[in-house]
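# Per-entry structural report
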Amino acid sequence: MITYNNIFNNPNVKCVAQGGQYFIYEHTEDLSVSPSSATTAYFMKEMNVKKRQVLVQLNNSATKIQAGAMQWMAGNVNMESGVTGVGNFLGKMVKGAVTGESAAKPIYSGQGYLMLEPTYSFLLVEDVAAWGAGVVLDDGLFLCCDANIKESIVKRNSMTSAMFGGEGLFNLCLSGQGYCVLESPVPREELFEFNLENDVLKIDGNMAIAWSSTLEFTVEKATKSLLGSAVAKEGFVNVYRGTGKVLMAPTIPGTGMGTMNGPEQTSATK
């Protein structure tokens, strides 16, 4: 028997989200600071830069996680490498290389708790079944999911999508019944959600973090002519066409308008 103290009853650590067997805990503030880092820690707290962790409550269930993400586990919990042979490992290495994920995802199963390493990223718990046929992820977003969730590789329709779309040639797709946890660059309350019904969504840049596998993803000119694109100062846009859902992070660093795109300054008059 294990008694847990200062974990679930820690006033500085609160549960901010839950889905399935996953609980997202957020450290209200960083208490492990030195005089030299106190100022930085203070402003990090004010700007919502906080450590966050995933707690997995295993109840005769299983989860697979990014390699190296485990911090501690307690109870009757067993770990498997997630690799069944040399050929399987080579296949997973190729899959990991093209999607930005770890080559092998260890599987933890049994009865007990599994805590993942802290991260400053924002953590999203997603019901994979709610995405229908599957959810396609931007590179590097995957953290963990139920062990029965199926992983597959989605290839872009053309090299043009990879060259100009900023999404890469391959993406990881999750499908099935269960939950997953994603590392997002922005909190959920900042995400734009678009639900398409036989319609079209165009985004300037790789700001979509997840989209339904039923959507056709292409890269197209912002206008029908190259001259029009040049005049509008918009080149290529990512196009999502069909029926499905798109999650977009509108405030990713580096996507704001530069001074060259801002309003023209008029000369001062006397």
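Here the residue index of a chain counts from 1 through its sequence in written order. Restriction of local features to residues with pLDDT of at least 70 applies here, the model being predicted, together with a cutoff of 80 or more for giving and counting side-chain atom pairs; totals for whole chains, interfaces and linings are based on all residues. By convention in this description, side-chain values take in all heavy atoms of the structure and omit both hydrogens and water.

### Digging into the overall build of the protein
Counting secondary structure elements, the protein contains four helices and 15 strands. Considering the protein as a whole, with its 270 residues, one finds that 38% of them fall into the buried category. Any two residues whose heavy atoms approach within 4.5 Å at even a single point are treated as in contact. In the protein, 80% of the contacts between residues at least 6 apart in sequence involve partners at least 24 apart. Here the open area of atoms and residues is found with the Shrake-Rupley method and a 1.4 Å probe, where only the protein chains shown may cover a residue. Of the roughly 14800 Å² of accessible surface on the protein, a fraction of 55% belongs to carbon and sulfur atoms. Strands are runs of DSSP state E lasting at least two residues, helices are runs of H or I lasting at least four, and both sets are numbered from the N terminus onward. Any residue under 20% of the maximum accessible area for its type is buried, any over 50% is exposed, and the rest in between are partly exposed; the area is computed with a 1.4 Å probe on protein chains only.

### Structural notes on the nonpolar core
The biggest cluster of nonpolar side chains holds 19 residues, and the ones touching the most others in it are V135, L137, L174, L191, I209 and A210. Contributions of two or more residues to this core are made by β7 (135-137), β8 (142-146), β10 (170-175), β11 (179-184) and β13 (208-212). Each residue touching L191, except ones within four places of it in the same chain, is listed here: L124, S184, V186, I209, L247, M248, A249 and P250. Grouped together as the second largest cluster of nonpolar side chains are 16 residues, V54, A69, V77 and L116 included. Joining through side-chain atoms within 4.5 Å is the link that ties buried Ala, Val, Leu, Ile, Met, Phe, Trp, Tyr and Cys residues into a set, and such a set is a nonpolar core.

### Comments concerning the confidence of the model for the protein
Chain-level statistics for the protein give a pLDDT mean of 83 and a share of 76% at 70 or above. Low confidence marks residues 84-94, where pLDDT is under 50. Its contacts with residues over four positions away, or in another chain, come to eight contacts. For every residue, the predictor reports its confidence as pLDDT, a number between 0 and 100. A low-confidence stretch, residues 256-270 (pLDDT under 50), is modelled with three contacts involving residues beyond four sequence positions or located in other chains.

### Here's the deal with the side chain of Q21
Mapped onto the fold, Q21 is located in the loop between β1 (13-19) and β2 (22-27). Of the residues examined, Q21 reaches a relative accessible area of 10% and is grouped as buried. Aside from chain neighbours lying at most four places away, what touches Q21 is L55, V56, Q57, L58, S61, A62, T63 and D146.

### Details of the pairing of β8
Summarising burial for β8: five of the five residues are buried, a large majority. Strand pairing requires that DSSP identify at least two bridges connecting the strands. Pairing between strand β3 (residues 52-65) and β8: three bridges, direction antiparallel. Within β8, the residue paired with I65 across the bridge is C144. Note: β8 against β11, three bridges, orientation antiparallel. Paired with C144 across the bridge in β11 is V181.

### Brief notes about unusual backbone geometry
Positioned with a positive phi, N48 is a non-glycine residue whose angle comes to about 65°. On the secondary structure map, N48 appears in the loop between α1 (38-46) and β3. Taking relative accessible area as the criterion, N48 reaches 27% and is therefore assigned partly exposed. A positive phi angle is found at N60, which is not glycine, with a value near 55°. On the accessibility criterion, N60 (67% relative accessible area) is exposed.

### A short note on the environment of S34
Examined against the element boundaries, S34 turns out to sit in the loop between β2 and α1. A relative accessible area of 31% means that S34 is categorised as partly exposed. A 3.5 Å cut-off defines polar contacts: any pair of N or O atoms within that distance qualifies, except that in protein one atom must be a possible hydrogen donor and the other a possible acceptor, and neighbouring residues in sequence count only when both atoms are side-chain atoms. A distance of 3.0 Å separates a polar atom in the side chain of S34 from a polar atom in the side chain of S36.

### Comments concerning the pattern of salt bridges
Throughout this description, the term salt bridge denotes a Lys or Arg side-chain nitrogen within 4 Å of a carboxyl oxygen of Asp or Glu. Scanning the model with the defined rule gives eight salt bridges in all. Residue K51 is joined to D30 by a salt bridge in which the shortest nitrogen-to-oxygen separation is 3.9 Å. Linking K51 in the loop between α1 and β3 with D30 in the loop between β2 and α1, this pair joins segments that are 21 residues apart in sequence. For R188, the salt bridge identified is with E126, shortest N-O distance 2.7 Å. On the criterion of sequence distance, the pair formed by R188 in the loop between β11 and β12 (192-203) and E126 in strand β6 (residues 122-127) is long-range, its members being 62 residues apart. Look at R188 and you get partly exposed, because its relative accessible area is 40%.

### Quick word on a nonpolar patch on the surface
Nonpolar side chains collect at one region of the surface, where M47, V49 and Y120 lie side by side and expose about 310 Å² of accessible area between them. Relative to the helices and strands, V49 is located in the loop between α1 and β3. Every patch collects residues that have over 30% relative accessible area and no salt bridge, joining them within 9 Å if they carry like charges and within 5 Å if they are nonpolar side chains (Val, Leu, Ile, Met, Phe, Trp, Tyr).

### Quick look at the packing of aromatic side chains
Think of it this way: a Phe, Tyr or Trp ring, Trp meaning its six-membered ring, pairs with another when their centres are within 6.5 Å, and the plane angle makes it stacked under 30 degrees, edge-to-face over 60, tilted otherwise. All told, the structure shown has nine aromatic pairs when counted by the stated rule. When the ring of F8 is compared with that of Y113, the centres are 5.2 Å apart and the planes differ by 50°; the resulting orientation is tilted. Residue F8 is located in the segment before β1, and its partner Y113 is located in strand β5 (residues 107-116); the two are separated by 105 residues in the primary sequence. Here F8 falls in the partly exposed class, since its relative accessible area comes to 36%.

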